[in-house]
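Okay, here's what each chain looks like letter by letter:
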Amino acid sequence: MEEMEEELKCPVCGSFYREPIILPCSHNLCQACARNILVQTPESESPQSRRASGSGVSDYDYLDLDKMSLYSEADSGYGSYGGFASAPTTPCQKSPNGVRVFPPAMPPPATHLSPALAPVPRNSCITCPQCHRSLILDDRGLRGFPKNRVLEGVIDRYQQSKAAALKCQLCEKAPKEATVMCEQCDVFYCDPCRLRCHPPRGPLAKHRLVPPAQGRVSRRLSPRKVSTCTDHELENHSMYCVQCKMPVCYQCLEEGKHSSHEVKALGAMWKLHKSQLSQALNGLSDRAKEAKEFLVQLRNMVQQIQENSVEFEACLVAQCDALIDALNRRKAQLLARVNKEHEHKLKVVRDQISHCTVKLRQTTGLMEYCLEVIKENDPSGFLQISDALIRRVHLTEDQWGKGTLTPRMTTDFDLSLDNSPLLQSIHQLDFVQVKASSPVPATPILQLEECCTHNNSATLSWKQPPLSTVPADGYILELDDGNGGQFREVYVGKETMCTVDGLHFNSTYNARVKAFNKTGVSPYSKTLVLQTSEGCNFETQSAPYSQLVDIKKLLAVAWFAFDPGSAHSDIILSNDNLTVTCSSYDDRVVLGKTGFSKGVHYWELTVDRYDNHPDPAFGVARMDVMKDVMLGKDDKAWAITEGGITKGATIGVLLDLNRKNLTFFINDEQQGPIAFDNVEGLFFPAVSLNRNVQVTLHTGLAVPDFYSSRASIA
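Residues numbered from 1 in each chain as written. Predicted model: local features only at pLDDT ≥ 70, side-chain atom pairs only at ≥ 80, totals over all residues. Heavy atoms only, no water.

Overview of the overall build of the protein
Each helix and strand counted, the protein has eleven helices and 38 strands in total. Within the protein, buried positions represent 36% of all 714 residues. A separation threshold of at least 6 residues defines the contact pool for the protein, and within that pool the share at least 24 residues apart is 62%. (Helix = DSSP H or I, 4+ residues; strand = E, 2+ residues; numbered from the N terminus. Buried < 20%, exposed > 50% of the residue type's maximum accessible area, 1.4 Å probe, protein only. Contact = heavy atoms within 4.5 Å.)

Concerning the pairing of strand β34 (residues 661-666)
Burial of β34 is extensive: six of the six residues sit out of reach of the surface. Every second residue of β34 is oriented toward a common face, with Asn661, Thr663 and Phe665 on one face and Leu662, Phe664 and Ile666 on the other, all of them buried. For strand β33 (residues 650-656) and β34, the ladder comprises six bridges, and the chain directions are antiparallel. Looking at β34, one finds that Leu654 is bridged to Thr663. The turn linking β33 back onto β34 is made up of four residues, and Lys660 within it adopts a positive phi angle of 60°. Bridge count between β34 and strand β36 (residues 676-677): two bridges; the pairing is antiparallel. Residue pairing across strands places Leu662 opposite Phe676, the latter belonging to β36. Remark: two residues form the turn of the hairpin made by β34 and strand β35 (residues 669-670), two consecutive strands paired antiparallel; Asn667 in that turn has positive phi of roughly 55°. (Pairing = 2+ DSSP bridges.)

Some words on the packing of aromatic side chains
Applying the stated criterion across every chain, the model contains six aromatic pairs. The interplanar angle of 80° and the centroid separation of 5.9 Å between the aromatic rings of Tyr602 and Phe665 together place this pair among those described as edge-to-face. Linking Tyr602 in strand β30 (residues 600-610) with Phe665 in strand β34, this pair joins segments that are 63 residues apart in sequence. Each member of the pair, Tyr602 together with Phe665, is buried. Following the ring pairs from residue to residue traces out a cluster consisting of Trp462, Tyr475 and Tyr491. (Phe/Tyr/Trp six-rings, centres within 6.5 Å; stacked < 30°, edge-to-face > 60°.)

Examining the sheet that holds strand β31 (residues 617-621)
Taken in spatial order, the four strands make up an open sheet running β29-β37-β31-β32, and their pairing is antiparallel. Of all the strands in the sheet, the pair left with one neighbour each is β29 (588-591) and β32 (637-640). Neighbour-to-neighbour, the strand axes of the sheet open up by a mean angle of 25°, direction not taken into account. Sheet analysis places β31 next to strand β37 (residues 684-689), joined by five bridges and oriented antiparallel. Residue pairing for β37: Phe618 is matched across the bridge by Val687. (Axes fitted to C-alpha atoms, helices over the stretch in contact; angles between N-to-C directions.)

Some details on the sheet that holds strand β24 (residues 508-516)
Each strand in a sheet pairs with its neighbour through backbone hydrogen bonds, running either in the same direction (parallel) or in the opposite one (antiparallel). The strand order across the open sheet built from four strands is β22-β21-β24-β25, with neighbouring strands paired in antiparallel fashion. With one partner strand each, in any of the chains shown, β22 (488-493) and β25 (528-531) form the two edges of the open sheet. Direction aside, the axes of adjacent strands within the sheet are offset by 25° on average.

Remarks on helix α7 (residues 266-374)
Its 109 residues place the ends of α7 156 Å apart at the C-alpha level, agreeing with the 162 Å of an ideal helix rising 1.5 Å per residue. Met269, Lys345, Val348, Gln352, Cys356, Lys359, Thr363, Leu366, Cys370 and Val373 are the residues of α7 that are buried. Where α7 is buried, its residues meet β15 (239-241), β17 (263-265) and α8 (379-400). (Expected span 1.5 Å × (residues − 1).)

Considerations on the pattern of salt bridges
Side chains bearing opposite charge may pair, as long as their charged atoms lie close to each other. Scanning the entire structure with this criterion turns up 14 salt bridges. The partner of Arg512 in a salt bridge is Glu478, with the nearest N and O atoms 3.0 Å apart. With Arg512 in strand β24 and Glu478 in strand β21 (residues 474-479), this pair connects stretches of sequence that are 34 residues apart. A relative accessible area of 6% means that Glu478 is categorised as buried. Between Asp570 and Arg588 there is a salt bridge; the shortest N-O distance is 2.9 Å. (Salt bridge = Lys/Arg side-chain N within 4 Å of Asp/Glu carboxyl O.)

A closer look at a nonpolar patch on the surface
There is a patch of nonpolar side chains on the surface, built from Phe294, Leu295, Leu298, Met301 and Ile305 and spanning about 440 Å² of accessible area. Secondary-structure assignment places Leu298 in helix α7. Leu298 sits in the partly exposed class, given a relative accessible area of 31%. (Patch = residues over 30% accessible without salt bridge, like charges linked within 9 Å, V, L, I, M, F, W, Y side chains within 5 Å. Areas by Shrake-Rupley, 256 points an atom, 1.4 Å probe, with all protein chains shown as cover.)

Thoughts on α8
With 22 residues, α8 ought to run about 32 Å at 1.5 Å a step, and its terminal C-alpha atoms sit 31 Å apart, in line with that. The largest bend in α8 comes to about 40°, at Ser386. Of all the positions in α8, only Ser386, Leu389, Thr396 and Trp400 are classed as buried. In this fold, the buried residues of α8 make contact with α7. (Bend = angle between axes of the 7 residues up to and from the residue.)

Remarks on the environment of Leu151
You can see Leu151 is positioned in helix α3 (residues 149-161). Taking the C-alpha atoms as reference points, Leu151 and Pro20, 131 residues apart in sequence, are found 7.5 Å from one another. Not counting residues within four places of it along the chain, the set of residues in contact with Leu151 comprises Glu7, Leu8, Tyr17, Pro20 and Asn28.

Structural notes on the confidence of the model for the protein
Mean pLDDT for the protein: 79, with 79% of residues reaching 70 or above. Here residues 535-556 is modelled with pLDDT under 50, and outside its nearest four sequence neighbours on either side it reaches 45 contacts, counting other chains as well. (pLDDT = per-residue confidence, 0-100.)

A few points about the nonpolar core
Within the largest apolar cluster, 51 residues are counted, with the highest numbers of intra-cluster contacts made by Leu460 and Leu477. Sort the elements by how many residues they give to this core and β24 lands first, with four residues. In this structure, this core is formed jointly by two domains, domain 5 (445-531) and domain 6 (555-711), each of which donates at least three residues. With near-sequence residues (within four places) excluded, Leu477 lies in contact with Leu460, Trp462, Arg488, Glu489, Val490, Tyr491, Cys498, Val500, Arg512 and Val513. In terms of nonpolar packing, the next biggest core, distinct from the first, is built from 24 residues, Cys10, Phe16, Leu29 and Leu38 among them. (Core = buried A, V, L, I, M, F, W, Y, C linked by side-chain atoms within 4.5 Å. Domains from an automatic or database assignment.)

Digging into the side chain of Glu604
For Glu604, the location among the structural elements is in strand β30. A distance of 2.7 Å separates the side chain of Glu604 from the side chain of Tyr602, its partner in a polar contact. Contact partners of Glu604, with chain neighbours within four places excluded, come to Thr650, Ile651, Gly652, Asp668, Thr696, Leu697, His698 and Leu701. (Polar contact = N/O pair within 3.5 Å; in protein donor to acceptor, adjacent residues only side chain to side chain.)

Here is the structure:
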């Protein structure tokens, strides 16, 4: 109902319609508002002059828009008569609904008559504020327009359905609560507006003021007005003219205005048009439903954009941090080289200082000794050692002259860091072109050299083509029944190798694989023919051969990891998404990347940390399981939560979708016969834990021997 309110408001005053009239363009106006936007036209444009000239074809003549323009396409804010120099321009205003309206050039003369009875200026023109079609009124003026009684009734019901307090109808800004209603004016007033607009004096003193609630009741109990003919106000509508598309009375028919027109009963046409409107509403209802679904899609896009933005920002920060880490590591390496060069220079200089110090001490000692020898007065004794001393002095002098006094090392560092290429690369660091919608992945290629069979098992390996640029989200491996029958899926996941057990001995199987991503599925690969062994290695063969193996019990060995995309935001993954813990004290759920709907599957989880007796849960769940409660608290998960789980424990989960049951193991001991049965659908490995627990996932495991033997014999 609230969404309908705009349909019930006048485009001129913005309030609910009061005495609405229907224009020939099918739009509505309050009768008072229609009078307010009347514009007087030149004499030559009157209906009488048009009919006199033979150009008039109806009582309401639309103006020639080439001559008269009351609406500016350039949104200039002014409407004016084009082609008439004497016609004054009229300012263009906007109603509270935002519709452009054209008030009269001159205010209407004061009158005490009602809008319907007040005289209309001669040759008046009215322009629809919504479609901007203009027409000239005839002698009847506004009385020539039919009154929209249906719209009045809808407005009355709408106002009665609103249980909120009645508001004053004359407050300009925020309407106050009404205190009285004038039965004669049919207006709700607050105290300030009543004193200002409805003083208790003069003719208004005879008006009867009642409480708002009583006024609402009186409105509701007032008799419904009957629609009368616009030409004969005392006659009610009784027939409908199909050509004129309007109700008429008997007097209109007797006068011959519709003599050649097809006329039908009013009630029959009423039912027919109601049926047509209902059918049209069905189509509109479908469009409205599609619009609501589209809005939901857009709101989901807003959430997805926010999530993608957070993920992209995290990726960007991680990439920049990786660059910073690499730069810091290189910085440490370069600093180590500088320190090495520093130590080398210091060692060389210090060695030279030590060598020169020893040499200088020896030279100084020789010089002091020679000076003391020169002081001796014994010629024969002096001559005995003088030759040797002279040779020593010359030899020592020669030793100082062979580069001894030249530094062996410069003080400058012979290293120069060229960082300009790196700085240029940093400045050029930018996002690559926005990725377009990716096509389907290329057809996978089976790697024949790695595909083989052993006994009744087959191992298949495949890869993407070397030049393929479209990534694949996963692969689907299909095998037939070994007898040329239909293919069936035996593996769905991201791994490129799979071992299928439980095949028939001495049988020929056809295998094929295809890739998929969000866009679609690739074509199938070439079909590979596999031949299983002729005999079996079972120790006992008391059961018939047909009971030993069954193609419906294919045992697929799958490799998978935890899925960070479906995990709760508090989940912390590591070890290539094989080890999981949590940052919250509350239980949080994480699922595996691979879902199973067929076959027998087995995986294990080891408890790496187990503090303060938490309650981890292990099992399977559907994709829409609740992620913020313990696994198994809703009807979307099946799990084990207790029974010997400690640090170092190994929990095995056996999902047999052929027999539709779920079994758990702790440290290779089965926990009861069968934990859950009647398990059908698509299931994902699941774990719930808090910050006191850390577990590691182990996949690609074969089904326990005793179970596969029991399954084959069962």
